[in-house]
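The residues making up each chain are set out below.
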Amino acid sequence: MGAAPCRRAPPTAVRRTRYDRMTIQVAGDIAGRGPLSDLPSAAHRRRLQLLLGAVIGGGVLVFVIATVRVLEQPRPEAWRLALAVLLGVLGNAPLLRMRIGHNGSSFNYGEGAVVLLLALLPPAWLFVVSSCAVAATQLASRQPLRKVAFNTGSFVVGLAAAEGIVYVIEPVPLSGDLTWRHLAALVLGLAVFSLFENAAVSAVVAFSQDLSFGDVASRALGVNLVVALANLAAGLCVLVLARWEWHTLLPLPAFLITLVGTYRGYVLATEARDTWQRLEVAGQDLNQLDEDSIADAVLRHAVRLFLADWVELELDAGRGLPVRHYRRDLSATRMPEPADPAADDGVRTPSSATVVALRDPGGEFGALRVGFNGPVKLSDRETQVLANFGRAVTAAVANARLYGELQIEAARKEFEANHDLLTGLANRRLLISAAQDAARRRRIGAVCGMLLLELDHFKKINDALGRSVGDRLLSRLGERLVTAVGSRGIVGRLDGHELAVLLPAVREADLELVSAELQHVLAEPISIESVRLSIEATVGGACLPTDCDTADELLQRADVALALAKASAGSYRRYLAEDDGTSLERLQTAAQLRAALAGDELVVFFQPQLDLSTGTVVGVEALTRWQHPTRGLLGPAEFIPVIEQSELVRPFTLHVLDAAVAQAAAWSRRGTELQVSVNLSARTLLDRQLPDDVATILHRHGVPAQRIVLEITETTMMSELDIVEDVLVGLHALGVELSVDDFGTGYSSLALLQRIAVNEIKVDKSFVLNMNGSSSDRTIVQATVDLGHGLGLRVVAEGVENADVLRAVRRIGCDRAQGYHVSRPMPAAALDLSSGPTSAKRPAVGSPPRPMPDLRYGAGG
């Protein structure tokens, strides 16, 4: 058997690892980096050179000595020489070739031919003839000169060793009978020959490829031993039969051909089975969700499947990212092949590679290259395996990318669920979650602090410079806070221009210091579109567990502190229990209000409005009272603030609207057509669903839209004006009338009344009550009436508590009057809707009448 390494390309200057690791080649690794220290050592190079020199030199020496001896000996018979040449050729002609990378391993009749040669010619002629025959066979197969020299020298030296063993034990006669000593000598000689050739070839492979000689020799020994024993047995049989009766050898060629064919089929079938099994294992290993891990598996398995010298995987990352290259190069761990000891032409064997394009429905996205440092052509079976492997790689990468896209989408949705999309800051959900985590991990001596910051006069910036500038300013301020807070906490945005800072572990005494620091950071001038702005903030702070027990309460307590800071015109306020002494009562009240809504404990009273030109009642205002099961009848001051700070705003508003419209329908059925006014809160007007809700209620009771007047305050109109305008436009489109309540106490400009299509303004009772005793109040009322009439609006005077005020508002031109002199709020059944100031058919709250606080929202008053 003969197998020798062929020429390999020099190692590339890339970052490289050993066989069991992947080599990743990226831009920058090629320039300025040489091979690492795990390349073959100088000792291995010297050993390879010594081995090649010893084998080739030994072969030359044997040939020269044999040639000298041949000149002194008679020439053997011609048939012996011809048969010796034939045996030399057959002994080195490959019967079965197997590719190992760019090298080849072949199986032949070497040992069988040697048995016959030892018994066919004298030693000198044996060496000369066999050397020439082997060299001619090697040259005919177009092997490089160095490989020809090594294989010929190895064969001749091994043959000389075998001849020496036979000569020492019992020389084989050229004719005559054979004894057991002859056969034993041949067996031992052939064993030495086979072991020598296996050792020589294994040493060359090990030294040239930086492998362990023991590993290479042990792997080759198993197969070589079987082939050697078969060849030896065949050679001895031929020799014995030829000495006994030569014509018995006539069926031998057919038998050998059949045997070789059977063995070849078995080897190829076994190799095919092993290849498909390895492909199955590779497919399972490719079932990963990370592209780098897939690339590592691709390179490892491609080397094993195709016995390649190097493998490259190129993947187009897409999304504008650069192409990624992965490479595993076994030749990078091998030393360059030494120069031919003989005069070589210096031309290296060209390398070869097979490329498989990786395609998905979107087109080609990469390529897999399997390369060899020599001219290698894959067989049809290997080509099919490579195509299947390429499809497996395509599917694996596609699955990994799909998983990556899903991960990115999930991360995006997770980010959007926990962050404000305008500023990228944490939202309420993330702040609450972080506060809950901080409460569980709270350190001794530290509290979880919450600071709510409301940017002062931010709306003026929006109105003056535009909302886009305001959004950019808000983002820049958020970035400043993030930088200032750093790792101490989390910065978030709640609503509009309200920011929050959560400090998971802060000393309680430092909360005010942090507030001052953040206010200073916000106040530093900032330039946007060549405009320098300086923003101040009002801050409210609270701590957990000092001020509350849960994260939700922490946010609520900080909100209470912020409201108190704004009310007192301060810049910072820390939450104190006495500031919110009704917290427990408020929670209890909120729970009872839910039951009240479900049990119809909230009742609607009505206060008439008098038309001052005709003296008739033309409308009523719906005002809510709570018929508490234990506390009796409660005015709005007892429950409206609780509703304002809870999630009951919408159900409460719809309850009052439904009751008011239902009563309007009942009056209509009795022939009394009245307008019914209902107050709306600021939070209600931020609900874009409100127009649809109102339309549904009107349709359910069959009441025309113009019979309903919805009252809003100036402050409501100024808050989130874009949303409020959309809602009011929708209400106006229904046909309901709109009224501005408490006119004169808000902050609106005159232009605001033109932007919002209202039908009525109500002069606040604080001006009406004292108009007879205060010239300034009278002037304000007169100016308001003139303004309303100038804009084509109806003017209603509130707070008409006596006949003098009633006459005064009639004289200055008010259209309608409302107050206790006209009528107190009372249930619909108790109202006298006849002309003039009405009286109760029965007392509503008690006698004498006592004015209630003016908290009219949806029913205050």
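Because the structure is a prediction, the values reported are computed rather than measured.

Focus: the overall build of the protein chain
- For the protein chain, the count of helices and strands is 26 helices and 22 strands.
- For the protein chain, with 861 residues in total, the buried portion stands at 48%.
- In the protein chain, once contacts between residues fewer than 6 apart in sequence are set aside, the share between residues at least 24 apart is 69%.

Some points on the nonpolar core
- Phe606, Val676, Leu685, Leu710, Leu731, Val768 and Val809 are the most contacted members of the largest nonpolar core, which totals 75 residues.
- It is helix α18 (residues 649–669) that provides the largest number of residues to this core, a total of nine residues.
- Leave out the neighbours within four places in its chain, and Leu731 touches Leu680, Leu685, Leu690, Pro691, Val694, Leu710, Val736 and Leu738.
- Judged by nonpolar contacts, the second largest core, of 33 residues, contains Leu126, Val166, Ala185 and Leu190.

What to know about the sheet that holds strand β12 (residues 537–544)
- Pairing is mixed across the open sheet formed by five strands, whose spatial order is β8-β9-β7-β12-β13. The open sheet terminates on both sides in strands that have one partner only, identified here as β8 (490–493) and β13 (572–574). Taking the axes of each pair of neighbouring strands and ignoring which way they run, one obtains an average angle of 20 degrees across the sheet.
- Alignment of β12 against β13, held across three bridges, turns out to be parallel.

Some details on the packing of aromatic side chains
- Within this structure, the stated rule accounts for four aromatic pairs.
- Ring centres 6.0 Å apart and planes at 90 degrees place the aromatic pair Trp626 and Phe639 in the edge-to-face group. Taken together, the residues Trp626 in strand β15 (residues 616–628) and Phe639 in the loop between β16 (632–634) and α17 (640–644) connect sequence positions 13 residues apart.
- Ring geometry for Phe639 versus Phe652: centroids 6.4 Å apart, planes at 70 degrees, classification edge-to-face. In this pair, Phe639 sits in the loop between β16 and α17 while Phe652 sits in helix α18, placing the two residues 13 residues apart along the sequence. Both residues of the pair, Phe639 and Phe652, belong to the buried class.

Considerations on the sheet that holds strand β5 (residues 352–360)
- The four strands are arranged β4-β3-β6-β5 in an open sheet whose pairing can be described as antiparallel. Two strands bound the open sheet, and with one partner strand each, they are β4 (323–329) and β5. In this sheet, neighbouring strand axes are inclined to one another by 15 degrees on average, regardless of whether the strands run parallel or antiparallel.
- Bridge analysis of strand β3 (residues 310–316) against strand β6 (residues 363–372) gives six bridges, and the strand direction is antiparallel. In the sheet register, Leu315 faces β6, and the bridge partner there is Gly366.
- Those strands touched by helix α10 (residues 380–418) are β3, β5 and β6, and its axis lies near 40 degrees from that of β5.

A look at the confidence of the model for the protein chain
- With 75% of its residues at a pLDDT of 70 or more, the protein chain has an overall mean of 77.
- Below a pLDDT of 50 lies the segment residues 332–349, which in the model reaches 48 contacts outside its immediate sequence neighbourhood of four places, other chains included.
- A low-confidence stretch, residues 838–861 stays under pLDDT 50, and its non-local contacts, those more than four residues away or across chains, total 85 contacts.

Focus on the packing of helix α4 (residues 123–140) against helix α5 (residues 145–169)
- Running from N to C, α4 and α5 point in directions that differ by 155 degrees, and their axes come no closer than 9 Å. One element, α4, and the other, α5, form an angle in the roughly antiparallel class. Taken as a pair, α4 and α5 cross one another with a handedness that is right-handed. Taking contact as the criterion, the partners of Pro123, Leu126, Phe127, Ser130, Ser131, Val134, Ala135, Gln138 and Leu139 in α4 are, on α5, Leu145, Lys147, Val148, Asn151, Thr152, Phe155, Val156, Leu159, Ala160 and Glu163.

Brief notes about the packing of α18 against helix α20 (residues 690–701)
- Axis separation between α18 and α20 bottoms out at 9 Å; the angle between their running directions is 30 degrees. Relative to α20, the element α18 lies roughly parallel. For the element pair α18 and α20, the recorded crossing hand is right-handed. Each of Arg650, Leu654, Leu657, Asp658, Val661, Ala662 and Ala665 in α18 lies in contact with α20, whose residues at this interface are Asp693, Val694, Ile697, Leu698, Arg700 and His701.
- Looking at side-chain class alone, the contact of α18 with α20 contains eight nonpolar, one polar and four charged residues.

Considerations on the pairing of strand β20 (residues 760–763)
- Residue alternation in β20 divides its side chains into two sets, Glu760 and Lys762 and Ile761 and Val763, and both sets are buried.
- One ladder, built from three bridges, connects strand β19 (residues 737–743) with β20; its direction is parallel. From the neighbouring strand, Val740 faces β20, where its bridge partner is Ile761.
- Sheet analysis places β20 next to strand β21 (residues 794–798), joined by four bridges and oriented parallel. Each residue of the ladder has a partner; that of Lys762, found in β21, is Val796.

Side note on the side chain of Arg480
- As for its placement among the helices and strands, Arg480 is situated in helix α13 (residues 467–485).
- Although buried, Arg480 forms no salt bridge, and the nearest oppositely charged side chain, Glu524, lies 4.4 Å from it.
- Every residue in contact with Arg480, bar those within four places of it in the chain, is listed here: Val521, Leu522, Glu524, Pro525 and Ile526.

Thoughts on a nonpolar patch on the surface
- There is a patch of nonpolar side chains on the surface, built from Val60, Phe63, Val64 and Val68 and spanning about 310 Å² of accessible area.
- Mapped onto the elements, Phe63 comes out in helix α1 (residues 42–70).
- Of the residues examined, Phe63 reaches a relative accessible area of 30% and is grouped as partly exposed.

Regarding α18
- Relative to the 30 Å expected for 21 residues at 1.5 Å per residue, α18 spans 30 Å between its end C-alpha atoms, a close match to the ideal helical length.
- With its phi angle positive at about 90 degrees, Gly671 sits one or two positions after the end of α18.

Focus: unusual backbone geometry
- Residue Pro545 is reached from Leu544 by a cis peptide bond, and omega for that bond is 15 degrees.
- Its location among the elements puts Pro545 in the loop between β12 and α15 (551–567).
- Phi at Asp600 is positive, roughly 60 degrees, even though this residue is not glycine.
- Position of Asp600 relative to the elements: it lies in the loop between α16 (583–598) and β14 (602–611).

Here we look at the pattern of salt bridges
- Throughout the structure, instances matching the rule amount to 31 salt bridges.
- Its salt-bridge partner being Asp292, residue Arg324 comes within 3.8 Å of it at the nearest N-O pair. On the criterion of sequence distance, the pair formed by Arg324 in strand β4 and Asp292 in helix α9 (residues 291–306) is long-range, its members being 32 residues apart.
- Assessed through its relative accessible area of 29%, Arg324 is described here as partly exposed.
- The shortest N-O distance in the salt bridge between Asp693 and Arg650 comes to 2.7 Å.

Quick notes on the rules
Residues numbered from 1 in each chain as written. Predicted model: local features only at pLDDT ≥ 70, side-chain atom pairs only at ≥ 80, totals over all residues. Heavy atoms only, no water. Helix = DSSP H or I, 4+ residues; strand = E, 2+ residues; numbered from the N terminus. Buried < 20%, exposed > 50% of the residue type's maximum accessible area, 1.4 Å probe, protein only. Contact = heavy atoms within 4.5 Å. Core = buried A, V, L, I, M, F, W, Y, C linked by side-chain atoms within 4.5 Å. Pairing = 2+ DSSP bridges. Axes fitted to C-alpha atoms, helices over the stretch in contact; angles between N-to-C directions. Phe/Tyr/Trp six-rings, centres within 6.5 Å; stacked < 30°, edge-to-face > 60°. pLDDT = per-residue confidence, 0-100. Parallel < 35°, antiparallel > 145°, perpendicular 65-115°, else oblique. Left-handed = near helix turned anticlockwise from the far one by under 90°. Nonpolar A, V, L, I, M, F, W, Y, C, P; charged D, E, K, R; others polar. Lys, Arg positive; Asp, Glu negative; His and termini not counted. Salt bridge = Lys/Arg side-chain N within 4 Å of Asp/Glu carboxyl O. Patch = residues over 30% accessible without salt bridge, like charges linked within 9 Å, V, L, I, M, F, W, Y side chains within 5 Å. Areas by Shrake-Rupley, 256 points an atom, 1.4 Å probe, with all protein chains shown as cover. Expected span 1.5 Å × (residues − 1).

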